[in-house]
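# Descriptive analysis of the structure
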Amino acid sequence: MTDQTATDTAADANELAKAFDPAATEPRWARRWFEEPFRADATSARPPFTIVIPPPNVTGSLHLGHALDNTLIDTLIRYKRMAGFEALYLPGMDHAGISTQVVVEKQLRAEGVSRHDLGREAFLEKVWSWKAESGGAILEQLRRLGVSADWTRERFTMDEGLSRAVRHQFVRLYHEGLAYRGERIVNWDVEAQTTLSELEIDREVRKGKMSTLSYKLEDAQAAASNGGAGEILIATVRPETIFADQAIAVHPEDERFAHLIGQRARIPLTDRFIPVIADVAVERDFGVGALKITPAHDPTDFEIGERHNLARPSVIDLNGKLTSDLVPDAFRGLERFAARKAVVAALIESGDLIEEKDHDTAIGLSERTKVPVEPIVSLQWFVNVGPMAAQVLEGLDKGELRITPERYTKVNRDWLENIRDWNISRQLWWGHQIPAWYDGDGHIYVPSAENPDLDCDKDPQYAHLSLRRDPDVFDTWFSSNLWPFSTLGWPDESSEDLLKFYPTQVLVTGYDILFFWVARMQMAAYHLTNRAPFETVMLHGLYLDAKGQKMSKSKGNGIDPLELFGEYGVDASRFAFAFLSTGGQDIKHDPRRFEQGRNFANKLWNAARFVRMRLSEVAPDLDPADPLSAYIQAAAEMPQGASPRSRDLLSHLVADKSKLTLADRWIISRLNAVTAEVTGHLDAYDLGAAIRAIYAFTWDEYCDWYLEAAKPAMSAANTGTLATLKLVLEHILKLLHPFMPFITSELYEALGHRRQLAVHAWPEVNVALHDQEASEAFTRLRAAVSAARSVKNELGLSPQDRLSVQVDGEAAELVRANARVVEGVARVTLVDSLEGRTLSAVDAGVIVRAAIEGTVDIADWLGKQRKRLLELGKQIAQAQGKLSSENFVARAPAEVIEEEKRRVEDFGAQKTRLEEVLGQFE
RNA sequence: GGGCGGUUAGCUCAGUGGUAGAGCAUUCGCUUCACACGCGAGAGGUCGUAGGUUCAAGUCCUAUACCGCCCA
């Protein structure tokens, strides 16, 4: 379809639009890259370069963080594809268990329905239809972003293949003894009705109360030993849980309480007595120094309870309500926070509340529902991740995996070193149902290692049993941790894709999911595939709002990427993302960066438009037999062999410099240097530096200087200049393509190419293109032009006014030899001599003079020159100071010393001339 | 409590040892035949503070202040 599509384009219109219009260009390419995806070939001989997308959650649509992620990924992928790699950008999405279920439940609630009203099957149907909707929106956004993903390989974490991978992971971990079922204290989300892992909880400090309660000692003797006080005071922030108290704990070395250890005290509002125990976990400085131990409702208490063999009755149910026979009737059935108030009131009434004071309490909130989590004791599935973490740490030691910015390696390590068992079961419906079955006696049945795919209730060996499958599903990260290899065919280890594209080269993601996702992928990959899942982890910063705050739905400060795309264009947005991404720093939103991208796109568009116009004007006068002319004329890409390839053309051009002007030689030399620079930055994954280099070269050098300098030579007689114009522009398009794929593809086509730019080769660096002489000479010409412009400005002339100037200095001869360029660009006329008083501008190697006519106010000019003189004096003194220091001369490298000497000379010469110029006004 | 990042021009940010940069804003002048989403000429920083290392420090080290983030 390539050729057919190409017909309906700007390439065939006679002229490009005056301004770049993203809306007129982007949809066509976006559609093309989606409909004809960049397929990666597992059988190719090219070296692989793989990046798997951090799969977006199907909870809605993409935010700016995703747009940033995918821009960076696509830029690297497009670069590597051009550079000769078998580049695979593997797209897909995450079912995002709890997040998605919460979203759909919220929708249902708005309709007055609960998931239980629907039942599991009907509810899942709802979620799948939401997945289709959300997934479609995400896909559309990625499509608009122009990512060159291999859409034939799109994956979803609940695909058949990926679900199979999850099951294999679990079965294997179970038989290795790493996955187990046990009763532990877990974090319960009373709204979502599921457990949560540590990572799914946000800590927040809230204002609360700390209550000091009186627990009456059981016998009089104890009371006596307590200085007559018949009580022990404890501090708590959760008085409503006292009914589940199992002990009072004090620090073993706390003299205040030593005599009470072993005594018993009564729980207020009840008739039950609990022992006073000693445990080192008690903080002596907290409250009054004694704690009530409630194993079922606090993680620390749970641990203390385990050490002392305490029972762990629960008094709060899964809905967060007080329950159990232990709770007095008055409070039974109350919601936990209401219960707290009621219990406090009762304690005041009974006189057991000694004190209540303000206290900042750290509480855990469910990341998804924002509800305070309730620690509860429950039978759940866990993974002992210690051994897996150890494998990753070993790999990090061996340097098998690089993280950039490097500082995150330590963060990664610290987390792995202090890792705790991972609760992987969730009481949700949306997700991978756990492949574990139970019989009536509570025995566990898990598929065999030999045949993990066979359900236990279909396994003939268990036919005599009545098995019930665990209704729970896995934590969503228990599937996304397999993403880099499950998407490539694992557990089928002979999968062609897996063999070719795994391990992947880079993982690009925000540092905020280093623990959630990156570390878990590391562990799964090392354990299940015996290797690191990626060579490099490239972490970028978070995309913050203009005030520097995290964007969030609740704050309503989010910015929709589509709005930015609409306002500035996708290329401009991608430019901004690349430009802003430096060193993993957080990114504060700044519309000015998007404007810069838009302006840059327009600048490039107009440069191309200009070049194209000039070339088509002269094309009829050219001889098609000449290869350069043929290249210039080409309205369509020449058939293979008829036209030299562009890099050969460049070599051809510089081989015969007679056809080139100084400006041509200079820009080709600069192009080569910039190509080397950009390539180096891209290889180092420093996209910000790369785009900056391209931007500066395109705007400041190609447009501002080269195009202006080339204007006088744009005639049919100068095939060298015409070819240089086109060649350098095409190279710019190639260098820029990974960053701004739409406009570059469009312009490349408009310059007569049929094959889309994305599949062309990356420009090579060629030392033969370096031209020191031209670089130095053109720098002098630039100085002459700038000086001439400065003089015109001082004289208050309009740019179009012609001014006669006289040029002196070392570079005078060079300037005269290139008079046409200097006269054209600066709009001056070079003359040999001038009458009367003159006003001058001095720059490196040149002094440009113009006659002062009439009543020009030169006070301003004189002031500037004097200031300049002072500056020069300072610079010279500084350089001379260094040169006269024995230490400097003895220790500094020779080239640095040479540089300082050169400065003294250069500045000295300028100073002399300035003094001379000013002398005539003394 | 532990760890990390930031502090550079009015604003937002680049810049890891050798003459301080960009975009925007600002001053002056321009409908110069690619571009006013533009062109030219300017102005504007003792690089948070205090020490130190070095021939040489925005850049390396130490301390410190303030802002932000992560973990407990």
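No experiment lies behind these values; they were computed from the predicted model shown.

Secondary structure summary: chain A contains 31 helices and 29 strands in total. At 37 Å, chain A has a C-alpha radius of gyration far larger than the 29 Å of a compact globule built from 922 residues. C-alpha extents for chain A along the principal axes are approximately 120 × 70 × 55 Å. Taken over 922 residues, chain A has a buried fraction of 54%. Counting only contacts in chain A whose residues sit at least 6 apart along the sequence, the fraction spanning at least 24 positions is 78%. Carbon and sulfur atoms provide 48% of the accessible area of chain A, an area that totals close to 39500 Å². Put simply, chain A has 106 plus and 136 minus side-chain charges, and the middle of one group is 3 Å from the middle of the other.

The subject of this paragraph is the pattern of salt bridges. A complete count under the given rule lists 47 salt bridges for this structure. Arg153 is the partner of Asp497 in a salt bridge, and the nearest nitrogen-oxygen pair spans 2.8 Å. A residue pair is termed long-range when its members are at least 10 positions apart, and Asp497 in helix H15 (residues 496-501) and Arg153 in the loop between helix H6 (120-145) and strand E4 (155-156) qualify at 344 residues. Relative accessible area serves as the criterion here: at 14%, Asp497 is assigned to the buried category. Here Arg153 falls in the buried class, since its relative accessible area comes to 8%. The partner of Arg312 in a salt bridge is Glu306, with the nearest N and O atoms 3.9 Å apart. The structure contains a network of salt bridges with shared partners spanning Arg238, Glu240, Arg336, Arg340 and Glu374.

Glancing now at the sheet that holds strand E6 (residues 194-196). Here we have four strands laid out as an open sheet, ordered E6-E5-E14-E16, and antiparallel in their pairing. In this open sheet, the two strands that pair with only one neighbour each are E6 and strand E16 (422-423). Here strand E5 (residues 179-189) pairs with E6 via three bridges, running antiparallel. Its bridge partner lying in E6, Asn187 is registered against Leu196.

Once that is clear, we can look at the protein's contact with RNA strand B. Not every one of the 46 residues close to RNA strand B is listed here, only the nearest: Asn606, Arg609, Trp699, Arg827 and Arg891. Each atom of RNA strand B within 4 Å of the protein belongs either to a base or to sugar and phosphate, the latter forming 67%. Here a phosphate oxygen of RNA strand B sits 2.8 Å away from a polar atom, N or O, in the side chain of Thr582. Between RNA strand B and Arg827 there is a distance of 2.5 Å, counted from a sugar or linking oxygen to a side-chain nitrogen or oxygen. Mapped by element, the contributors of at least two residues to the surface near RNA strand B are helix H19 (591-618), helix H23 (687-710), helix H26 (772-794), helix H29 (859-883), helix H30 (886-891) and helix H31 (894-919). Per-element accounting of the surface near RNA strand B gives the leading share, twelve residues, to H19. Classifying every residue of the surface near RNA strand B gives 13 nonpolar, twelve polar and 21 charged.

What counts as what
Residue positions are counted from 1 within each chain, in the order its sequence is given. Here chains are named by letter from A upward and ligands by number from 1 upward, in the order in which they appear as written. Selection of residues for local features in this predicted model requires a pLDDT of at least 70, selection of side-chain atom pairs for listing and counting requires 80 or more, and totals for whole chains, interfaces and linings are taken over all residues. To obtain the side-chain values, all non-hydrogen atoms of the structure were included, while hydrogens and water were left out. Only DSSP runs of H or I covering at least 4 residues are called helices, and only runs of E covering at least 2 are called strands; the numbering of each starts at the N terminus. Only C-alpha atoms enter the radius of gyration, while the globule expectation follows 2.2 Å times N to the 0.38, with N the number of residues. Each residue gets one of three labels from its accessible area relative to the maximum for its type: buried under 20%, exposed over 50%, partly exposed in between, using a 1.4 Å probe on protein chains only. By definition in these notes, contact holds between two residues if any of their heavy atoms fall within 4.5 Å. Method for areas: the Shrake-Rupley scheme with a 1.4 Å probe, in which residue coverage is limited to the protein chains shown. We count Lys and Arg on the positive side and Asp and Glu on the negative side, and we leave His and both chain ends out. Charged groups are reduced to one reference atom each: NZ for lysine, CZ for arginine, CG for aspartic acid, CD for glutamic acid. Criterion for a salt bridge: a side-chain nitrogen of Lys or Arg within 4 Å of a carboxyl oxygen of Asp or Glu. Pairs of strands are assigned from DSSP output, requiring at least two bridges between the strands. Here, proximity means that at least one heavy atom of the residue falls within 4 Å of the molecule or strand. A 3.5 Å cut-off defines polar contacts: any pair of N or O atoms within that distance qualifies, except that in protein one atom must be a possible hydrogen donor and the other a possible acceptor, and neighbouring residues in sequence count only when both atoms are side-chain atoms. In the scheme used here, Gly and all other residues not listed as nonpolar or charged are polar, with Ala, Val, Leu, Ile, Met, Phe, Trp, Tyr, Cys and Pro taken as nonpolar and Asp, Glu, Lys and Arg as charged.

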